[in-house]
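Working through the structure, step by step
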Amino acid sequence: MIMINIKDGESLDKALKRFKKKFEKTGVLRELRSRQAYEKKSVTRRTEVKKAIYIQGLNQEGTI
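Described in the following lines is the structure provided in the data block. As the structure is a computational prediction, the values presented were derived from the model and not from experiment.

**As for the overall build of the chain**
Scanning the chain for helices and strands turns up three helices and zero strands. Listing each helix as α and each strand as β along the chain from the N terminus yields α-α-α. In summary, the chain has a C-alpha radius of gyration of 19 Å against a globular reference of 11 Å for 64 residues, an excess of more than 25%. When the backbone C-alpha atoms are referred to their principal axes, the chain occupies close to 50 × 40 × 15 Å.

Here is the structure:
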């Protein structure tokens, strides 16, 4: 459970923003979406490899 302590004089908008940030870091929503539809291990691995290739290409472009 996520706990947010509201400081004296802090606006509700700021507290809500901190809550949303903490909630996103936990990855609950991402986990929920991934569990909605089963994905084969081969497909998962293929997407991870594609993502790694993409990131590696970005890193190489930045060093040139």
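Here the narrative resumes, following the displayed structure.
**Considerations on the packing of aromatic side chains**
A complete count under the given rule lists one aromatic pair for this structure. Judged by centre distance (6.1 Å) and plane angle (20°), the rings of Phe19 and Phe23 are stacked. Here Phe23 and Phe19 lie together in helix 1 (residues 12-26), a separation of four residues that amounts to about one turn. By relative accessible area, which is 33% here, Phe19 ends up partly exposed.

**A look at helix 1**
Residues spaced three or four apart along an α-helix face the same direction, because each turn holds 3.6 residues. For helix 1, spanning 15 residues, the distance from its first C-alpha to its last is 21 Å, which sits close to the expected 21 Å at 1.5 Å a residue. Among the 15 residues in helix 1, one count as buried, and that is only a small part of the element. Just beyond helix 1, the residue with positive phi is Gly27, at close to 80°.

Reading the values: the criteria
Residues numbered from 1 in each chain as written. Predicted model: local features only at pLDDT ≥ 70, side-chain atom pairs only at ≥ 80, totals over all residues. Heavy atoms only, no water. Helix = DSSP H or I, 4+ residues; strand = E, 2+ residues; numbered from the N terminus. Rg over C-alpha atoms; globule rule 2.2 N^0.38 Å. Phe/Tyr/Trp six-rings, centres within 6.5 Å; stacked < 30°, edge-to-face > 60°. Buried < 20%, exposed > 50% of the residue type's maximum accessible area, 1.4 Å probe, protein only. Expected span 1.5 Å × (residues − 1).

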